[in-house]
Amino acid sequence: MGVLRRSDTDKVHELPATTLIGRSRSCDIHIDAADVSGQHAVLRWTGSVWELRDLQSRNGTYVDGQRIDPGATVVVPSGATLQFARRSSAWIIADASEPQPLARCLESGVIARADDGLLVLPSPQQPQTIIYQDAAGRWCSETEGELSQVADRGEVLVDGQIWRLYLSGQVVGTQDSGDRPVTLAELRFRFAHSRDEEYVELRASGGGCEFNFESHADHYPLLILARARLADSARQMEPGEQGWLARSELLDMLKMDRPHLNISIHRARQRLLRAGIVDAESLVQRRRRHSELRLGLHNLEVVAL
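(A) Fine view of the overall build of the protein. If you tally the helices and strands in the protein, you get three helices and 26 strands. Expressed as a percentage of the 305 residues in the protein, the buried residues total 46%. When the accessible surface of the protein is split by element, carbon and sulfur atoms take 45% of a total near 15,300 Å². The averaged location of the 42 negative side-chain charges in the protein is 3 Å from the averaged location of its 36 positive side-chain charges.

Written as structure tokens, this is what we have:
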């Protein structure tokens, strides 16, 4: 992700999609210098490059020693040196890659970073809240099964602490123009597992599409749910009643707690979204009144390797 490094102290600042720089304490990068304006400049990711814009600062914004015009916007590549007023310290674009979603605890300053499209707070070891992007590009927060929408620079309360969210605008699973949307119902899913079930591979095909989701630990809960659905289908249960497992029973079978199961399900969904499957949210369905879950697939097979 994008990184700005202060040249005289080697202090680094991981860049969200938009970073406000200035003397005001409300800025993302606070520079305590008399010649720096309250809101001096802003760094913004365009989707392909980083741009620096001067906010009509009194003492100017400099790129590689050259002052840019007041209010002007310039592209700043990796290695570019930035200075906000002449007497303040220089900053270097140490990494010009695209930003990743992150959150900052306002009390401690601790930063949490997204992993595989999921932002887990306060940490992956103590998952209480999961921030993720759905197929429509909306950012959602899930805590104890309760869903709400969140926004860039919004704040969430987790375990008594306030976290500020820095979220990109990129839509997960965005299709290339001309691509046809793919749905779960069009696909046949095939689980292949090793004898000890430590290796679980997932592939899908149909509608002229082939997907190889390879082997991931997140596939094991899906495998358990797939078996439950296939067993109920073999008993000729009504389709609407096939495959439901009580969450407590599933957690027992997986030797897993509820927050880590939620993370596993979200990661599996994100993998399908990135492949362009537009209704990946339905991969795992919930029946809240009975605290039950099931696999939202009807065309599937399970084989041993």
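What follows picks up the thread again.
(B) Region of interest: the pairing of strand E5 (residues 41-45). Burial runs high along E5: four of the five residues are buried. Of the pairings in the sheet, the one linking strand E3 (residues 18-22) to E5 comprises four bridges and is antiparallel in character. Each bridged residue has a counterpart across the sheet, and for Ile 21 the counterpart in E5 is Ala 41. Bridge count for E5 against strand E6 (residues 50-54) is five bridges, and the pairing is antiparallel. Looking at the pairing, Leu 43 lines up with Leu 52 of E6. Hairpin connection, E5 to E6: the antiparallel pair is bridged by four residues, and Gly 47 has positive phi, about 110°.

(C) Structural detail: the sheet that holds strand E21 (residues 200-206). The strand order across the open sheet built from four strands is E22-E21-E20-E26, with neighbouring strands paired in mixed fashion. Strands at the two margins of the open sheet, each flanked by one partner only, are strand E22 (209-215) and strand E26 (300-304). Each strand axis lies, on average, 15° off the axis of its neighbour in the sheet, ignoring direction. Here strand E20 (residues 188-193) runs beside E21; their pairing, made up of six bridges, is antiparallel. If you follow Ala 192 over to E21, its bridge partner there is Glu 201. Of the strands in this sheet, E20, E21, E22 and E26 are in contact with helix H1 (residues 219-234), which crosses E26 at around 110°.

What counts and how
Residues numbered from 1 in each chain as written. Predicted model: local features only at pLDDT ≥ 70, side-chain atom pairs only at ≥ 80, totals over all residues. Heavy atoms only, no water. Helix = DSSP H or I, 4+ residues; strand = E, 2+ residues; numbered from the N terminus. Buried < 20%, exposed > 50% of the residue type's maximum accessible area, 1.4 Å probe, protein only. Areas by Shrake-Rupley, 256 points an atom, 1.4 Å probe, with all protein chains shown as cover. Lys, Arg positive; Asp, Glu negative; His and termini not counted. Charge placed at Lys NZ, Arg CZ, Asp CG, Glu CD. Pairing = 2+ DSSP bridges. Axes fitted to C-alpha atoms, helices over the stretch in contact; angles between N-to-C directions. Contact = heavy atoms within 4.5 Å.

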